[in-house]
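Residue-level structure breakdown
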Amino acid sequence: HAKAQGRNRSQFFTREINDSLAQRLQMEQALRQALANDELSLNYQPQYRLSDGALIGCEVLLRWHSAELGPVGPDRFVPLAEETGMIGAIGHWVLRSACLQAALWRAQGLEIPVAVNVSACQLTPGLVNEVAGALAETRLPAGLLTLELTETVLMQRQDETRALLHELRALGVGLAMDDFGTGYSSLAYLKRFPIDKLKIDRAFVHGLPADGDGCAIIRAVLEVARHLGLATVAEGIETPEQHAFLNGIGCEEGQGYLFARPLPVDAMTDLLLAARAQEVEPALCQGSSR
Ligand code: C2E
Ligand code: MG
Ligand code: MG
Ligand code: MG
């Protein structure tokens, strides 16, 4: 009896594993077609200065609408793209497309810096040429591009990584450390790498301001960032209380559903137009009163 049960159970697990393997294979095959079938697109999440609400940038977030599978989130397909090496071609497309869009906005007088996520496995000597090429082809000033890297890049091949990051910085692009606090790098690591900006992971923002540990961690991170001359961005701000708290303790920038969700390109363009209209309005009023 017990043996039969054991067999049933193992059959159950085997089937589950087979199902997930089949699913993975199906997703992998679908993802291989995604670029050619034009199924990838970019969303843009606005980033704001917390002290006065000025729109100061946006993060580029990849979206996949598969003809076969429907919408698939980057948390599911980016790891798969990394494991299969497809991230090279996809990351290249993201970088080009983001630079092109930023250049188009700039040509319309809607200048805004864009931040592009880069996987650890994309960080090879080829990336420097790729970034330089994307900037040159789109004529985007390097200062309008930031690359977001995760902590894992700091722990692999440290000397090569440091050299690579210096080369990227020499191009004039910004470097941000994404999801800060979720990896295993110590704050001391930061000093060894040419990073401009820390993005505090939304896991720490989530419980604010009630969560005492979260508050202490963020205060400590901001303190270190100040000493190292790093700008700070909080991710995942969802409530006015979180916004007020973060602004109060000196976090400079933020993004999150409270301000805006990641937007399709047309909605982001509308937002930029609205922000520009707000900027020029006082000048127009002055002009008309004269
Ligand atoms: P990330 O770079 O940390 O991006 C922030 C994630 O938080 C985004 O999820 C965004 O939609 C989400 N988010 C923003 N505000 C809020 C909020 O207020 N509350 C909550 N709960 N979530 C918020 P998304 O777009 O699903 O992307 C997930 C991750 O996928 C990204 O995390 C990034 O690591 C990766 N990713 C996205 N696009 C790319 C890409 O082009 N290349 C690479 N290599 N990775 C990407
Ligand atoms: Mg990011
Ligand atoms: Mg993040
Ligand atoms: Mg993340």
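A few points on the structure. (Residues numbered from 1 in each chain as written. Chains lettered and ligands numbered in written order. Predicted model: local features only at pLDDT ≥ 70, side-chain atom pairs only at ≥ 80, totals over all residues. Heavy atoms only, no water.)

1. Examining the coordination of the magnesium ion (ligand 2)
Only E59 (OE), N117 (OD1), E148 (OE) and D178 (OD) from the protein reach the magnesium ion (ligand 2) as donors, at distances of 2.0 to 2.2 Å. Going along the chain, you hit the donors of the magnesium ion (ligand 2) in the pattern E-x57-N-x30-E-x29-D. Here the magnesium ion (ligand 2) and the magnesium ion (ligand 3) are spaced 3.9 Å apart, linked through D178, which binds each one. Remark: E148 occurs in strand β5 (residues 145-150) and E59 occurs in strand β2 (residues 55-66); sequence separation between them is 89 residues. Assigned by exposure class, E59 and E148 land together as buried. (Donors = N, O, S within 2.8 Å, 3.2 Å for Na, K, Ca; no water. Helix = DSSP H or I, 4+ residues; strand = E, 2+ residues; numbered from the N terminus. Buried < 20%, exposed > 50% of the residue type's maximum accessible area, 1.4 Å probe, protein only.)

2. What about the pattern of salt bridges?
Here the structure, examined in full by the defined rule, presents 13 salt bridges. E137 serves as the salt-bridge partner of R96, at 2.5 Å between the closest nitrogen and oxygen. Here the residue R96 occupies a position in helix α3 (residues 87-107), and E137 occupies one in helix α4 (residues 125-138), the gap between them amounting to 41 residues. For R96, a relative accessible area of 23% corresponds to the partly exposed category. Taking the relative accessible area as the measure of exposure, E137 reaches 60% and is therefore exposed. A salt bridge links K199 to E148; its shortest N-O distance comes to 2.7 Å. With a gap of 51 residues between them, K199 in strand β7 (residues 197-200) and E148 in strand β5 connect regions that are remote in the sequence. The class of E148 is buried, set by a relative accessible area of 2%. Residues participating in the shared-partner salt-bridge network are R24, E28, R32 and E83. (Salt bridge = Lys/Arg side-chain N within 4 Å of Asp/Glu carboxyl O.)

3. A short note on the site of ligand 1
Of all residues adjacent to ligand 1, which total 23 residues, the nearest are S119, D178, R202, E238 and Y257. Contact distances for ligand 1 include 2.8 Å between a nitrogen atom and a side-chain N or O atom of S119. The separation between an oxygen atom of ligand 1 and a polar side-chain atom of E235 is 3.2 Å. Protein contacts shield 85% of the accessible area of ligand 1, which totals 810 Å² for the unbound molecule. Because more than half of its atoms lie within 2 Å of the grid, ligand 1 is assigned to the largest pocket. Elements with a minimum of two residues in the shell around ligand 1: β2, α2 (74-84) and β6 (174-180). In terms of residue count, the dominant contributor to the shell around ligand 1 is β2 (four residues). Looking at side-chain class alone, the shell around ligand 1 contains eight nonpolar, six polar and nine charged residues. (Near = heavy atom within 4 Å. Polar contact = N/O pair within 3.5 Å; in protein donor to acceptor, adjacent residues only side chain to side chain. Areas by Shrake-Rupley, 256 points an atom, 1.4 Å probe, with all protein chains shown as cover. 1 Å grid on protein atoms, 1.4 Å probe; cavity = no way out; pocket = protein on both sides within 12 Å on 5 of 7 lines; lining within 4 Å. Sits in = over half its atoms within 2 Å of the grid points. Nonpolar A, V, L, I, M, F, W, Y, C, P; charged D, E, K, R; others polar.)

4. Structural notes on the packing of α3 against α4
With their axes 9 Å apart at the nearest point, α3 and α4 run at an angle of 30° to one another. Between α3 and α4, the interaxial angle falls into the category roughly parallel. Our pair here, α3 against α4, has a crossing hand that is right-handed. Residue-level inspection shows G91, H92, L95, R96, C99, L100 and A103 of α3 in contact with α4, the latter providing E130, V131, G133, A134, L135, E137 and T138. (Axes fitted to C-alpha atoms, helices over the stretch in contact; angles between N-to-C directions. Parallel < 35°, antiparallel > 145°, perpendicular 65-115°, else oblique. Left-handed = near helix turned anticlockwise from the far one by under 90°. Contact = heavy atoms within 4.5 Å.)

5. Points about the nonpolar core
With 77 residues, the main nonpolar core has L145 and L168 as its most contacted residues. No other element matches the nine residues that α3 contributes to this core. (Core = buried A, V, L, I, M, F, W, Y, C linked by side-chain atoms within 4.5 Å.)

6. Remarks on the packing of α4 against helix α6 (residues 158-171)
Their axes nearest at 9 Å, the elements α4 and α6 cross at an angle of 10°. The pairing of α4 with α6 is recorded here as roughly parallel in orientation. In contact with P125, L127, V128, V131 and A132 of α4, α6 contributes L164, E167, L168 and L171. Of the residues in the contact of α4 with α6, the class split is eight nonpolar, no polar and one charged.

7. Quick notes on the pairing of β7
Side chains of β7 alternate between two faces, with K197 and K199 and L198 and I200 buried alike. Across three bridges, the pairing between β6 and β7 is parallel. By the bridge assignment for β7, F180 is matched with I200. Of the pairings in the sheet, the one linking β7 to strand β8 (residues 231-234) comprises four bridges and is parallel in character. Note that in β8 the partner of L198 across the bridge is T232. (Pairing = 2+ DSSP bridges.)

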